[in-house]
Amino acid sequence: MTLIGWTQIILFCAVVVALTPLLGAYLTRVFDGRIALLRPVETGLYRLAGVDPQREQHWLSYTVAMLLFHVAGFALLYGLLRLQSLLPFNPAEQGAVAPDLALNTVISFLTNTNWQNYGGESALSYLTQMLGLTVQNFLSAATGMVLAVALIRGFARASAKTIGNFWVDVTRCTLYVLLPISIVFTIFLVWQGMPQTLGPYVDAATVEGGKQTIALGPVASQVAIKMLGTNGGGFFNANAAHPFENPTALSNFVQMLSIFVLGAALTNVFGRMVGDQRQGWAILAAMGVLFIAGVAVCYWAEAHGTEAMRALGLAGGNMEGKETRFGIAASALFAVVTTAASCGAVNAMHDSFTALGGMIPLINMELGEIVIGGVGAGLYGMLLFVVITIFLAGLMVGRTPEYVGKKIEAREVKMAMLAILILPLVMLGFTAIAVVVPSAVASMGNAGPHGYSEVLYAFTSQAANNGSAFGGLSGNTPFYNLTGAIAMFLGRFWMIVPAMAIAGSLAAKRSVAATAGTFPTTGPLFVGLLVGTILIVGGLTFFPALAVGPIAEHLSMLQGVAY
Amino acid sequence: MLKEIRPALVTFVALACLTGLVYPLAMTGIAQALFPAQASGSLIEQDGRVIGSTLIGQSFADAKYFHGRLSATTAPDPQDSSKTVPAPYNAAASGGSNLGPTSKALADRLAADVAAAKQENPSVRVPVDLVTTSGSGLDPEISPEAALFQVPRIAKVRNLPEAELRALVDSRIEGRDLGLFGEPRVNVLKLNLALDRLGQNRPRT
């Protein structure tokens, strides 16, 4: 580890914290309907759609609207994948995507996972990348954000029947938040060297007399929203390790920021909407504690390298699968950022990380990506843990728990547990099935404990809607395409529906004034309790699974065992 | 539920056209106008022919050139399209080795490459980036140490003084972005093009 490495990490945290209240203030205005720059466009769209922007929805209608929106998205993306060979903007003449792979890819992008069982530059046309994937990058991110805002409204409102209008929220989120930032971000990325062209792949005659076909495309416009919307699906197979998808260390730094800014800002939106910004800062503090701990372990492990490398006298850390321009610090930081949020973009191959370095991304996802998290998904995931924490705190003192003026009762706790339990069920359940199905075992790219870690990582990443991978696993098989699609679907919607039920039930409650007996939720005691609950409830579940994978691998590495 | 179908269709189609067609096409126009070189892939042309991209590494195997990172990219096997064969620096199918920390294949490869490198330059410690594959398989750069490590070999093959080659490498080192981000590095393609020019400009004795 180096001083300059840590300087980059600390600077990163500082910029995220500095941007949080600024963006938080802006987002609050957007979702309160106080930004009206494009009101004529909005009004026209609402009239065409038959939406009355003044009429708000009950939590159930809000959720149904969200689900119907996804049905439309499913139809378009599946159609594009299957028919791309007949459609324009296909200079590389990519053929139709097979049905099982197409299903996996559609669920992957609808759920904001962006798990990729295909290689972008060798499988998809420019039209599919733009009208298929870029669209879902925007809309799945917008969906995540508006659901978080709906849940926040549940906490903020009292004796209310409604939690907002889905169509209005999703339109405003796209028009006022995602699109403007993406436009500026795209121009920055092109300046840094990212291609943005509809021209065909270029054949270069190399210096040594060979031929190199260079894949190009409208990369920057997709990468901008891929990062900002914590989608993470690469234009190219190597994702953000590809020099065209992440040309410089500066583009790398800004991409990492863009993964975190909206998620972090939503904690501030929460604080503002419930009328006490300290509530938002307390949540961000708990996230920060878990984040810094993860970065420290991952950076240390990667800088330390593997036994095989040290035995050969190689210094400079584990550079296998990493890019020269980023080095160890920026690669380790990226890995933690992308899995703390539900982004899943990678600027280095996680499969080649050291056992402990690769365990941190795994743990981040197993906790449910509540450290900043996916845009929206992170905050509602974290608020579920808050509900459990408050409930535990209430049990300790024998008093009905309250949070930001709302009594937390049996219904909320049950819904929160329903949402929290789905992750271990899907992650561990599918892993257990995969390691006894011979065709699934044959997909492993590495032998020994690492092969098992590849499978665990695959289902963890998909259920958590992350999308990063231990890429040695050959995931493009009917088994992984179908089980993965189920894991992604359950991981997203089994969490959303209970979260919306909580939103509806909280909104309907009366607000109670804080008394001397109310547990304060803005101080270090609450932050500590929240972190502890996350680690015990979220983390302990996975300890046996980790012991068989990365921990066993680390111990065998120390013994000099290779597989 | 039925009454939400019209909003779902209209809102989806409108937002899809906006974000999936208007936005990427407009950005393509703006990018091509503002930064045409970058937007088209930072291509390098020589005598009217594209010889590569400054951002995309290419394979250098000849002893007279500086070599880049190892590349684990593959291409379909011409004999059997269901299999792949190694094809370093395949810029149409990026990817890494994905070999894990306890992989025997990785340990063996490292041992062989380190032994070969030590033979080439026994006096200096082998830089780790010279014997590891990059994440993309297309890394255009190596560390300054990895470039300097190769100077004795190239000096011998090209019959040039080592000091001159060292000066060439030094002049091509790019520092951290804004003095802070990432790592110092040398672009291998640009370095090798400069190396070829160095040979041309010198009167041979």
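Relevant structure appears above.
Fair warning: this is a prediction, and the values are worked out from it, not measured in the lab. (Residues numbered from 1 in each chain as written. Chains lettered and ligands numbered in written order. Predicted model: local features only at pLDDT ≥ 70, side-chain atom pairs only at ≥ 80, totals over all residues. Heavy atoms only, no water.)

### Some remarks on the overall build of chain A
Test applied: The helix count covers DSSP runs of H or I at least four residues long, the strand count covers runs of E at least two residues long, and both are numbered beginning at the N terminus. With the radius of gyration taken over C-alpha atoms, the globule rule is written as 2.2 Å times the number of residues to the power 0.38. Each residue's exposure class comes from its accessible area (1.4 Å probe, protein chains only) as a fraction of the maximum for that residue type: buried when under 20%, exposed when over 50%, partly exposed otherwise. The contact rule is simple, with two residues in contact once any of their heavy atoms fall within 4.5 Å. Computed by Shrake-Rupley with a 1.4 Å probe, the accessible areas treat only the displayed protein chains as cover when residues are assessed.
Each helix and strand in chain A was counted, giving 20 helices and four strands. On C-alpha atoms alone, chain A measures out to a radius of gyration of 23 Å, which is about the 24 Å that the 2.2 N^0.38 rule sets for 563 residues. Counting over 563 residues, chain A shows a buried share of 65%. Of the contacts formed within chain A by residues at least 6 apart in sequence, a portion of 79% connects residues at least 24 apart. Total accessible area computed for chain A in this model is approximately 16900 Å², and 70% of it derives from carbon and sulfur atoms.

### Thoughts on the sheet that holds strand β7 (residues 185–187) of chain B
Residues and elements named next belong to chain B. Our working definition: Two strands are said to pair when DSSP picks up at least two bridges between them.
What the three strands build is an open sheet, ordered β5-β7-β6; its pairing is antiparallel. The open sheet has two edge strands with one neighbour each: β5 (141–142) and β6 (173–174). Relative to β7, β6 runs antiparallel, the two sharing two bridges. Counted as the bridge partner of I173 is V186 from β7.

### Focus: the environment of A:A241
Locating A:A241 in the fold gives a position in the loop between α8 (219–228) and α9 (249–273). Assessed through its relative accessible area of 0%, A:A241 is described here as buried. Excluding residues within four positions of it along the chain, A:A241 makes contact with A:E323, A:R325, A:V346, A:N347, A:A348, A:M349, B:G135 and B:S136.

### Let's talk about helix α20 (residues 543–558) of chain A
Residues and elements named next belong to chain A. To keep things clear, this is the line we draw: The bend reported for a residue corresponds to the angle between axes fitted to the seven residues ending at that residue and the seven starting there.
Its axis deflected by about 35° at I551, α20 carries its strongest bend there. Regarding α20, the residues found buried are A545, L546, G549, P550, E553, H554, S556 and M557. Along its buried surface, α20 packs onto α11 (307–311), α13 (355–366), α15 (410–434) and α17 (449–463). After α20 finishes, the residue G560 shows a positive phi value of roughly 75°.

### Let's talk about the packing of aromatic side chains
The geometry of an aromatic ring pair is captured by the separation of the ring centres together with the interplanar angle, meaning the angle of the planes. Selection rule: Two rings from Phe, Tyr or Trp (for Trp, the six-membered ring) form a pair when their centres are within 6.5 Å of each other. A pair whose planes differ by under 30 degrees is stacked, one over 60 is edge-to-face, and the rest are tilted.
Enumeration according to the criterion identifies 28 aromatic pairs over all chains in this entry. Seen from their ring centres, A:F138 and B:Y23 are 5.2 Å apart, and the 90° between their planes marks the pair as edge-to-face. You can see A:F138 sitting in helix α6 (residues 126–156) and its partner B:Y23 sitting in helix α1 (residues 5–34), one on each of two chains. On the basis of relative accessibility, which here comes to 3%, the residue B:Y23 falls in the buried class. Ring geometry for A:F430 against A:F459: centres 5.4 Å apart, planes inclined by 20°, an arrangement best described as stacked. Of the two residues, A:F430 sits in helix α15 while A:F459 sits in helix α17, which places them 29 residues apart along the sequence.

### Describing the interface of chain A and chain B
Cut-off, in case you're wondering: The working definition used for a salt bridge is a side-chain nitrogen of Lys or Arg within 4 Å of a carboxyl oxygen of Asp or Glu. Under this definition, polar contacts are N or O atom pairs within 3.5 Å; protein pairs additionally need one hydrogen-donor-capable and one acceptor-capable atom, and for neighbouring residues in sequence, both atoms have to be side-chain atoms. Here the nonpolar group is Ala, Val, Leu, Ile, Met, Phe, Trp, Tyr, Cys and Pro; Asp, Glu, Lys and Arg are the charged ones; every other residue, Gly included, is treated as polar.
In this assembly, 109 residues from chain A lie in contact with 100 residues from chain B. Along the contact surface separating chain A from chain B lie two salt bridges. Here B:D139 makes a salt bridge to A:R325, at a shortest N to O gap of 4.0 Å. Seen at the junction of chain A and chain B, the total is 45 residue pairs in polar contact (both at pLDDT 80 or more). If you tally residues by element for the side of chain A that touches chain B, the top one is helix α7 (residues 166–192) of chain A, at 12 residues. Here the side of chain A that touches chain B is composed, by residue class, of 61 nonpolar, 36 polar and 12 charged.

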